[in-house]
Structure formats: C-alpha cells, structure tokens
Amino acid sequence: MLGEILTAIVTPFDEDGSVDLAGFRALARHLVDNGSDGLVVTGTTGEAPTLTDDERFALYEIAVEEVGSEHAVIAGTGTYDTRHSIHLTERAHEIGVDGFLVVTPYYSKPPQRGIVAHVEAIAAATDRPIVFYDIPGRVVVDAEPATISALAEIPNVTAVKQAKPSLDAARHVVTCGLDLYAGDDDLILPFLEIGGIGGICVHTHVVGRRVKELVQRFRQGDVDGAKALDEELRPSIELLRVVTNPIAIKRALDLLGLAPGRVRLPLVEADEAETAAIRDCLERLGLLDRATASS
C-alpha cells in the first residue's frame, strides 16, 4: 500500500510562467507535514499536459529528495501516447519514485483491449507499483469491469484510482484484489465503507489533517465520527466545484499564502466571482481566519 491519503500536488508557476521549483519543494513538505502519506506529482492537478519532460523530471527529483525518504512519491506518467508514457516511466523509475499513476489514454478513445495493452506496456518498464486511473469524466472512455479484471492480472498493477461514483465498479476493484482509492474527494467515506484504502485527493492541499483524521476514525471503528468529519468538510468539496480543477485549489492556496494561483493556458486564473466563492468556502472551513491571524 502506498498510503491512505495521497495528495495530487499542484505545480506552482513563477510570474514568468516557469515552474517554481522552490515553491514546489516547500509545498511538498507542507503537505506531508499536514496529513498526506505521499504525493502524486504531475497528475491532472499538476497540469501535466502543459509540462515539458524536463520540467516533469525536475519535479520528480525534488519530490524524491524532499519527502521520498519517508513518504510515497507517485509519478503521473500516463499520457495518450504509450511510447511517451514508457519514456516518462523509465526516467521517473531511474529518479527513484515509488510508483506510477497511469490514466486511461485520453482523446484517442481506445477500445477496452487498447487500455489493457497500454497499461501492460507501461508496467513492463518498471517493477514498481502502477495505479490505474479510471476517470471517464475527463477521458470519455469508461473502464469496464472486465478491463479492471484484466489489469489486475498485470503483476505490478496494484491499485485503482476511481473517479466515478459507481459503488458496483468500486466493489469490483476490491474483489479483484486491487487497492481502491477515491479519485473524487467526496468518495473517500463511501469507498472506505466497501473496503477502499483512502483517496488520491485535491482538497487535502487545505484540509489534509482532517481528511487523515477521517480515515483514522473510520479504521478505529468510529464511523459516526468519520461521518461527522465528512459533513464538516463539505465546503472543501464545494470549493473544488467552483471552477475546473486545479484553478480553484490554486486560488485557495494563493488566498492561504501557500502557493501562487497561476495556471498555464488553456487554463485561466479564477475570476472575481469565483474567488469570492472560494473565499467563502475557506471561511466556512475556518481556514482563512486562521491564515489571517498567523500572517
């Protein structure tokens, strides 16, 4: 198991649009000091499609150096090009990451057997764990149960990050012997209830300690306490829905003084109305007042 709570970390950018490596290092340390068991680097939240290979590799190196001795570092190396994905995986393996997040190839719309062949080819480039990312809302193609069963036969495919609400699909992941991670942050508790491990999250950028506590309460048998925390964290879910990820979480981090809100095109920064909605969510979580008091 790679950990219960992994944060899909954002990629901070400087004013000139370059990757803010020092800011990334500081944020990586902050996240593992505040509830995250590890990090997923260059996932959707990290704006992976806009990064060069060299930028990706620099981020992996920093993550491994800064937190890798005690916390899992997972590299998002899946793309819509299998050969490119293999290249990224091989280099990230050399750098020393602990595992890989491989998403269903987007845009190409491969058939189900193409998904399996894609993941199988990438998995052959490493002996470290592969987490398959099932997110039909972004990639269009829905990984079918038979596909998950086939992926489970690949020795180093060990987990699925499922970003769709189907509990039947989630149960099938568990039945196949794979670790189940919530890919949508509001699915953590429902997935725990059917045997899930935890989540690969975005809201843990700002509520990491409370999300970790939720999982711990559930594991200790305090289901009511976990449910109460889940309800308390509703504003963090609302925050993520204000505008396309990672625009909202980056603006939240900016408001909290943890990272700049800059994004790369085709994403654009949160506008005035969106920022007001994000601010409201942070205030209801009790976070903005705390940040103001400590500044």
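Reading guide: rules and limits
Residues numbered from 1 in each chain as written. Predicted model: local features only at pLDDT ≥ 70, side-chain atom pairs only at ≥ 80, totals over all residues. Heavy atoms only, no water. Salt bridge = Lys/Arg side-chain N within 4 Å of Asp/Glu carboxyl O. Helix = DSSP H or I, 4+ residues; strand = E, 2+ residues; numbered from the N terminus. Buried < 20%, exposed > 50% of the residue type's maximum accessible area, 1.4 Å probe, protein only. Contact = heavy atoms within 4.5 Å.

Trainee: Got a sec to walk through the pattern of salt bridges? Specific residues and values, please.
Mentor: Tallied over the full model, the rule gives 23 salt bridges. Of the charged contacts, one joins Glu 55 and Arg 264 as a salt bridge, the two residues approaching to 2.8 Å between their closest N and O atoms. Placement of the pair is Glu 55 in helix α2 (residues 53-67) and Arg 264 in the loop between α12 (247-255) and α13 (272-284), with a sequence separation of 209 residues. This pair shows no difference in class: Glu 55 is buried, exactly as Arg 264 is. The partner of Arg 234 in a salt bridge is Asp 230, with the nearest N and O atoms 3.1 Å apart. The exposure class of Arg 234 is partly exposed, given its relative accessible area of 25%. Judged by relative accessible area, Asp 230 falls into the buried class, the value being 15%. Taken together, the salt bridges that share partners define one network made up of Arg 25, Arg 29, Asp 33, Glu 65 and Glu 66.

Trainee: Give a detailed account of the environment of Pro 136, specifying residues and quantitative values.
Mentor: Looking at the element boundaries, Pro 136 is found in helix α5 (residues 136-139). Relative accessible area serves as the criterion here: at 17%, Pro 136 is assigned to the buried category. Each C-alpha atom of the pair Pro 136 and Ala 48 lies 18 Å from the other, and the pair is 88 residues apart in sequence. Every residue in contact with Pro 136, bar those within four places of it in the chain, is listed here: Val 141, Asp 142, Ala 163 and Lys 164.

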